[in-house]
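Now for the letters of each chain:
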Amino acid sequence: MFSEYMPQARYKISNYFSAIAIVVGTSIAAPIGASVWFQIQAIGSAQQDNAAWVFSQLEVEYLKTRRAIEVARSGTDADLDNLRKHFDMLYSRTDIVGRVKNNTVSQPDITLLRDILDRQLPLIEAGNARLLTDLDIFERALVEIEDLPRQISITSRSQAADISEAERQKIIRLIGILAFIVVLVAILLVGMFLRLWCQKRTLKRKSIEAHETQLRLATTLRASLDGIVVFDDHGIIRDFNGSAVDIFGV
Amino acid sequence: MKMGRIWNATAIGALFCMAGYATIASAQDVLLTVTVDEVRHEFSLDDLKDLPVSTIETTTIWTDGLQVFEGVAVQALLDSLSVTEGTIKATAINEYAVDIPVSDVVENGPVVAYSNNGQPMLRREKGPLWIVYPYDSDRAYQTKTIYNRSIWQLDRLEINR
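Residues numbered from 1 in each chain as written. Chains lettered and ligands numbered in written order. Predicted model: local features only at pLDDT ≥ 70, side-chain atom pairs only at ≥ 80, totals over all residues. Heavy atoms only, no water.

If you check an unreviewed UniProt entry, chain B appears there as Oxidoreductase molybdopterin-binding domain-containing protein from Loktanella salsilacus.

In the nomenclature of an unreviewed UniProt entry, chain A is known as PAS domain-containing protein of Loktanella salsilacus.

In structure tokens:
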């Protein structure tokens, strides 16, 4: 009796263990899976423009504006308008650069650049005659800030690279943990499958044995010379043999 | 009081002077040139406003908060020129150029916007024309490819059939 009980106890313990492991595994995997999902969603939609392009364009527009100042010394309306056009491009680029996310290190430089450009607005918006007269003042203002566009570009790109690398590492770590848990749960599931398969085989064997026993008993019943009638709890006849038929003459 | 009036008059005068250059064009000046197979079509602000008006309410990565853009749907613009196929090359004032596939030109798709939150857009602020997509309406519009096509300070469209 004792020896038969032991394997059942072992089964129960290992069943509990597997169930607990799967529950724990899935409950750890679920939040990590959700986190990976949100990260994938975040990557799925671009949160901002191409930062490298935005910063390079700031430098390009600065240089174009400087060149436009030289050209505008001709004093023609077209050249002065061209200078205003390039100034507007530079101004709009400064605004775009200021909106690049996670770009804290360059913000003071961007604010300074914006302030200096703002101070040029009255001159840019003045008539052609005044703009031409004060071109030198305008040029000096731009010369004073000639290092800023490159400085903004360098520091911003460096910070953007650090942030992007940190995010990449975070995603790699999350996927690594997730993969480990998935493998663990898969191993447990395979283990449970094997166990169920073994149980199925045992059950099949037992069922064949039970069937054979039943056949043996039936044959014994039929072959008996004594009359045998089997009743159930309610007095209903469940089985009888040939001798019983002979005795009762039914 | 008298001094105040003089100051006001000066301020208004200065504002008009500024407006002369700050708003880059009058309503009749050509803002957009559309070339269809070498044939030039010029559109002033008034011409664009005569076309069916489309409104997009969306946030953008270049602005703060919900924006209301008014303009002409690219589809409506092409319809007005009887263009149904071909490639579209959009070029900005600073010669930034981008190809817009015809597959983008759908109903409730991109709009050539001429006003932002009810105000005309200055050249200094991505105006006077800006191709805006309804970014919030579909995640497919929140990609770097679409951001690249969202060309501002637009002044030319070249269509080859």
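Engineer: Just checking my understanding: could you explain the overall build of chain B for this structure?
Structural biologist: When you go through chain B residue by residue, the secondary structure sums to four helices and 10 strands. In sequence order, chain B lays out its α and β elements as α-β-β-α-β-β-α-β-β-β-β-β-α-β. For chain B, the residues scored as buried account for 44% of the 161 residues in total. Put simply, 59% of the contacts in chain B that link residues at least 6 apart link residues at least 24 apart. (Helix = DSSP H or I, 4+ residues; strand = E, 2+ residues; numbered from the N terminus. Buried < 20%, exposed > 50% of the residue type's maximum accessible area, 1.4 Å probe, protein only. Contact = heavy atoms within 4.5 Å.)

Engineer: Please clarify how the UniProt feature "transmembrane region" (unreviewed entry) in chain A should be interpreted in this entry.
Structural biologist: Residue and element names in this part refer to chain A. Under the UniProt annotation, the feature "transmembrane region" (unreviewed entry) is placed at residues 16-38 and 174-197. Taken end to end, residues 16-38 comprises 100% helix and 0% strand; its first and last C-alpha atoms sit 33 Å apart. With 100% helix and 0% strand, the stretch residues 174-197 has end C-alpha atoms that lie 34 Å from each other. (UniProt positions renumbered as here; feature names shortened; annotations may be inferred.)

Engineer: Looking at this structure, I do not really get helix H2 (residues 51-72) of chain A. What am I missing?
Structural biologist: Every α-helical turn comprises 3.6 residues, leaving residues that sit three or four positions apart pointing alike. Compared with the 32 Å implied by 1.5 Å per residue over 22 residues, the 31 Å span of H2 of chain A between its first and last C-alpha is a close match. Listed as buried for H2 of chain A are Ala51, Val54, Phe55, Gln57, Leu58, Glu59, Glu61, Tyr62, Thr65, Ala68, Ile69 and Ala72 of chain A. (Expected span 1.5 Å × (residues − 1).)

Engineer: Sorry, what's going on with empty space enclosed by the protein here?
Structural biologist: Gaps left between atoms show up when a probe the size of a water molecule is rolled over them. Scanning the entire structure with this criterion turns up two cavities of 30 Å³ or more. Its boundaries defined by the atoms lining it, the largest cavity holds a volume of some 140 Å³. Lining the largest cavity are 13 residues, and of these Trp53 and Arg93 of chain A together with Tyr96, Ser150 and Trp152 of chain B sit closest to its centre. Put simply, the second largest cavity is a space of about 70 Å³. As for the second largest cavity, its lining consists of Gln48, Asp49, Ala51, Val54, Ile96, Arg99 and Val100 of chain A together with Ile61 and Trp62 of chain B. (1 Å grid on protein atoms, 1.4 Å probe; cavity = no way out; pocket = protein on both sides within 12 Å on 5 of 7 lines; lining within 4 Å. Points joined across faces, edges and corners; volume = space filled by probe spheres on them.)

Engineer: Which parts of the structure should I look at to understand the domain arrangement of chain A?
Structural biologist: Accessible area lost upon the coming together of the parts serves often as the stated size of an interface. One can read the domain layout of chain A as domain 1 (2-45 + 171-203) and domain 2 (51-146). Here the C-alpha centroids of domain 1 of chain A and domain 2 of chain A sit 62 Å apart. (Domains from an automatic or database assignment.)

Engineer: So what exactly am I meant to see when it comes to the packing of aromatic side chains here?
Structural biologist: To describe a pair of aromatic rings, one takes the distance between the centres and the angle between the planes. Residue and element names in this part refer to chain B. Overall, the coordinates contain 12 aromatic pairs over all chains when judged by the stated rule. With a centroid separation of 5.4 Å and an interplanar angle of 80 degrees, the aromatic rings of Trp62 and Trp152 are classed as edge-to-face. With a gap of 90 residues between them, Trp62 in the loop between strand S3 (54-58) and strand S4 (67-73) and Trp152 in the loop between helix H4 (144-149) and strand S10 (154-160) connect regions that are remote in the sequence. Judged by its relative accessible area of 8%, Trp152 is buried. Summarising the aromatic geometry, the rings of Phe69 and Trp130 are spaced 5.3 Å apart at their centres and angled 80 degrees between planes, so their arrangement reads as edge-to-face. (Phe/Tyr/Trp six-rings, centres within 6.5 Å; stacked < 30°, edge-to-face > 60°.)

Engineer: Would you explain the packing of H2 of chain A against helix H3 (residues 77-98) of chain A in this entry?
Structural biologist: Relative placement of two packed helices is described by the angle separating their axes and the distance separating the axes. Residue and element names in this part refer to chain A. Where H2 meets H3, the axes come as close as 8 Å, and the angle between the chain directions of the two elements is 160 degrees. Taken together, the axes of H2 and H3 lie roughly antiparallel to each other. Between H2 and H3 the crossing geometry is left-handed. Its residues placed into classes, the contact of H2 with H3 shows 16 nonpolar, five polar and four charged. (Axes fitted to C-alpha atoms, helices over the stretch in contact; angles between N-to-C directions. Parallel < 35°, antiparallel > 145°, perpendicular 65-115°, else oblique. Left-handed = near helix turned anticlockwise from the far one by under 90°. Nonpolar A, V, L, I, M, F, W, Y, C, P; charged D, E, K, R; others polar.)

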